[in-house]
Amino acid sequence: MAFTAKDVQALRERTGCGMMECKKALTNADGDMEKAIEFLRERGLAVAAKKAGRIAAEGLVYTVVDEAKKLSVIIEVNAETDFVAKNEKFVSFVKGCADTILAENPADMDALMESKMAGGNGETVADALRDKILTIGENMKIRRFERREGVACNYVHGEGRIGVMVYFNTDDATAAKAEFKAMAKDIAMQIAAANPSYLDKDAVPADVLDKEKEIYKVQAMNEGKPEAIAEKIVLGRVAKFYKEVCLVDQAFIKDPDISVSKYVQNCAKELGAEISVTGFVRYERGEGLEKREDNFADEVMNMAK
């Protein structure tokens, strides 16, 4: 009996197992759903020890801000499939890790793994992670996190696909105002959408800037421009480079006629306050990690050949 990508998805939903395991089960059961479920149940304990070696590049980016204590955390926890990333137990685990980081301020990943899980029963984060791997049935990994003090605004896009934390220098009264919060969220959304590499010109490493200038000069010379003209062209292209990669120099997405810096200045003027963006962190789920093929239809068709 043949089976389709929809059958694979249906089996995932019924069992909570990973996509590859579901495909293997359906293949073994000749497409019979009930036999496939029985196959997975019989095999569940046998594969538990093998989970740690499997690719975990899906998952969730989560952010949390404690305004009263002026603390913020951004964290990425990976799983094997997007299906598990929506599992309530997985989401609860990620939130618990963020709360633990807020409370314990671990210096690094090793310290986090040894910390007692916030709101738990005394178990460490490492113990809780192992428990979730066995319970949910997929490999999981806490990939990275950052905790900072100060005024911050968080934004999460696409059900945890992209998370942003942006930091500001301003007074507490201003930070509490609705107008500031709206502006801060706009900046966080700008970072999520435009993906700037640096805060401002000063943050661009000298070697990066020198390489860009070298490339621009060669381009101009290849266009037949004299060296003196090429130098001027380089200056213009560097200015454009800054507008592309530096947050404060980018065109503000909601009003491209002004820069992000100008938008912040306008808000500060309206509130009669000093406001500046001091930094940001942008996590995109699974960036830089090897990912399993996620086109169900193509995978199933290739497997059936």
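Summary of the structure given here. What you see is a predicted model; the values in this text were computed from it and never measured. (Residues numbered from 1 in each chain as written. Predicted model: local features only at pLDDT ≥ 70, side-chain atom pairs only at ≥ 80, totals over all residues. Heavy atoms only, no water.)

Counting 29 residues, the largest nonpolar core has Val166, Phe168, Phe180, Met183, Ile187, Leu247 and Ile275 as the members making the most contacts within it. Among the secondary structure elements, those contributing two or more residues to this core are strand S4 (151–157), strand S5 (162–169), helix H9 (178–194), helix H12 (260–271) and strand S8 (276–284). At seven residues, the largest contribution of residues to this core is made by H9. Leave out the neighbours within four places in its chain, and Phe180 touches Val151, Phe168, Thr170, Thr174, Ala175, Cys267, Leu271 and Ile275. (Core = buried A, V, L, I, M, F, W, Y, C linked by side-chain atoms within 4.5 Å. Buried < 20%, exposed > 50% of the residue type's maximum accessible area, 1.4 Å probe, protein only. Helix = DSSP H or I, 4+ residues; strand = E, 2+ residues; numbered from the N terminus. Contact = heavy atoms within 4.5 Å.)

Another point: the packing of aromatic side chains. Applying the stated criterion across every chain yields a total of three aromatic pairs. Both rings, one in Phe168 and one in Phe180, keep their centres 5.2 Å apart while their planes meet at 75 degrees; by these two values the pair is edge-to-face. Of this pair, Phe168 sits in strand S5 while Phe180 sits in helix H9, placing them 12 residues apart in sequence. Under the relative-accessibility criterion, Phe168 is labelled buried at 6%. A relative accessible area of 3% places Phe180 in the buried class. A cation sits over an aromatic face here: Arg144 above Tyr283, 4.0 Å from the ring centre. (Phe/Tyr/Trp six-rings, centres within 6.5 Å; stacked < 30°, edge-to-face > 60°. Lys NZ or Arg CZ within 6 Å of the ring centre and 35° of its normal.)

Let us look at the side chain of Arg285. With respect to the helices and strands, the residue Arg285 is situated in the loop between S8 and helix H13 (296–304). Its relative accessible area of 17% is what places Arg285 among the buried residues. Within the local environment of Arg285, its side chain forms a polar contact with the backbone oxygen of Gly59, the two atoms lying 3.4 Å apart. (Polar contact = N/O pair within 3.5 Å; in protein donor to acceptor, adjacent residues only side chain to side chain.)

With that settled, consider the sheet that holds strand S3 (residues 140–149). Spatially, three strands are ordered S1-S2-S3 in an open sheet, and the strand pairing comes out antiparallel. Edge positions in the sheet fall to strand S1 (58–66) and S3, since each has one partner strand and no second. Sheet twist, expressed as the average angle between the axes of neighbouring strands with direction ignored, equals 10 degrees. Strand direction decides the pairing type here: S1 and strand S2 (residues 71–79), joined by nine bridges, are antiparallel. Bridged to Asp66 within S2 is Leu71. Contacts between helix H5 (residues 88–104) and the sheet are confined to S1, S2 and S3, with S2 contributing the most and set at about 145 degrees to the helix. (Pairing = 2+ DSSP bridges. Axes fitted to C-alpha atoms, helices over the stretch in contact; angles between N-to-C directions.)

The next thing to look at is the environment of Gln190. Along the chain, the position of Gln190 falls in helix H9. Once the C-alpha coordinates of Gln190 and Val260 are considered, the two residues, 70 residues apart in sequence, prove to be 8.6 Å apart. Setting aside chain neighbours within four positions, we find Gln190 in contact with Asn195, Leu247, Gln250, Ala251, Phe252, Ile253 and Val260. Within the structure, the side chain of Gln190 is placed 3.2 Å from the side chain of Gln250, a separation counted as a polar contact.

Further remarks concern the sheet that holds S4. Spatially, S4-S5-S8 is the arrangement adopted by the three strands of the open sheet, whose pairing is antiparallel. In this open sheet, the two edge strands, each paired with only one partner strand, are S4 and S8. For this sheet the average axis-to-axis angle between neighbouring strands, irrespective of direction, equals 15 degrees. Where S5 meets S8, eight bridges bridge the pair, whose relative direction is antiparallel. By the bridge assignment for S8, Met165 is matched with Val281. Relative to the sheet, H9 contacts S4, S5 and S8, its axis offset from that of S5 by approximately 135 degrees.

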